[in-house]
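# Working through the structure, step by step
Here is how the chains run, residue by residue.
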Amino acid sequence: MCENHRQDRLDKPLHTELPEGHTLSRRDFMKVGIGALGALAVLELGGVSLMFLQSRSQEGEFGDTITAGPVDNFPAGSVTEFTDGRFFLLRAPDGGFLALHNRCPHLGCTVTWEPHLDRFLCPCHASTFDFYGNFDNPPVPRPLDAFSVRIQDGVVLVDTFELRRRENFAPEQLTYA
Ligand code: FES
């Protein structure tokens, strides 16, 4: 196609419904189309960025500080599971609090609390852990990891953004009201 012919085609009005006296050349049409595509790309980029930021961690969800509830909600000797927070909140018989990660340190399976055994159980390779998360048998290599617990104005807060590895349970790991 020669250059003049191509130029004619680009400037030729399209058969489009426009207000009286207005015409839309192919060139104008292409400009509008490219502009619309650019705007769409910007919107998509913004949406993806927003999704990324949201997936990092939202307030009160895993990866942030989770409000477990008032101290009195947790009787001494109890185990309460926070599935979304991925931890168990223990209240020891002497009243101290400990938050244990609910993932097995071997290969990351989710452990369950078995009250009749007084043990946590990993369903993948049958390792068990006592009330404080100490492991009983291989193949698991260490106790359940823990999160920091804080108590503010009588409310238990668990910081799930930092996991602590432990050699074994020690009383200093407990937090008191
Ligand atoms: S994943 Fe828990 S013992 Fe293997």
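Residues numbered from 1 in each chain as written. Predicted model: local features only at pLDDT ≥ 70, side-chain atom pairs only at ≥ 80, totals over all residues. Heavy atoms only, no water.

The final tally for this structure, using the stated rule, is 1 disulfide. In this model C109 forms its disulfide with C124; the gap between the sulfur atoms is 1.9 Å. Judged by the torsion about the S-S bond (-95°), the C109/C124 disulfide is left-handed. In this pair, C109 sits in the loop between β4 (97–101) and β5 (112–114) while C124 sits in the loop between β6 (119–121) and β7 (128–129), placing the two residues 15 residues apart along the sequence. Of the residues examined, C109 reaches a relative accessible area of 18% and is grouped as buried. Note on C124: relative accessible area 38%, which makes it partly exposed. (Disulfide = S-S within 2.5 Å. Helix = DSSP H or I, 4+ residues; strand = E, 2+ residues; numbered from the N terminus. Buried < 20%, exposed > 50% of the residue type's maximum accessible area, 1.4 Å probe, protein only.)

Let us now look at the sheet that holds strand β8 (residues 146–152). If you trace the 6 strands from one edge of the open sheet to the other, you get β1-β9-β8-β4-β3-β2, paired in antiparallel fashion. The open sheet has two free edges, formed respectively by β1 (65–70) and β2 (78–82), since each of these has just one partner strand. Neighbouring strand axes in the sheet, compared pairwise and without regard to direction, differ in orientation by 25° on average. Bridging between β4 and β8 involves 2 bridges; their strand directions are antiparallel. When the sheet's bridge partners are listed, A99 is paired in β8 with F147. (Pairing = 2+ DSSP bridges. Axes fitted to C-alpha atoms, helices over the stretch in contact; angles between N-to-C directions.)

As a further point, take the side chain of D130. Within the element layout of this structure, D130 appears in the loop between β7 and β8. R119 provides the closest opposite charge to the buried, salt-bridge-free D130, at an N-O distance of 5.7 Å. At a separation of 2.9 Å, a polar atom in the side chain of D130 contacts the main-chain amide nitrogen of Y132. (Lys, Arg positive; Asp, Glu negative; His and termini not counted. Salt bridge = Lys/Arg side-chain N within 4 Å of Asp/Glu carboxyl O. Polar contact = N/O pair within 3.5 Å; in protein donor to acceptor, adjacent residues only side chain to side chain.)

What follows covers the pattern of salt bridges. Taken as a whole and assessed by the stated rule, the structure comprises 3 salt bridges. Note that D145 is salt-bridged to R142, the shortest N-O span being 3.0 Å. A relative accessible area of 17% places R142 in the buried class.

What follows deals with unusual backbone geometry. The amide bond that connects P138 to the next residue, P139, takes the cis arrangement and shows omega of 10°. Residue placement: P139 occurs in the loop between β7 and β8. Here D118, not a glycine, exhibits a phi torsion of approximately 55°, which is positive. Position of D118 relative to the elements: it lies in the loop between β5 and β6. For D118, a relative accessible area of 41% translates into the label partly exposed. At A126, a position not held by glycine, the phi torsion is positive, near 65°. Take A126: it is sitting in the loop between β6 and β7.

Turning next to the confidence of the model for the protein. Looking at the protein, the pLDDT average stands at 83 and 67% of residues meet or exceed 70. pLDDT under 50 marks residues 47–55. Its contacts with residues more than four places away, or in other chains, come to 0 contacts. (pLDDT = per-residue confidence, 0-100. Contact = heavy atoms within 4.5 Å.)

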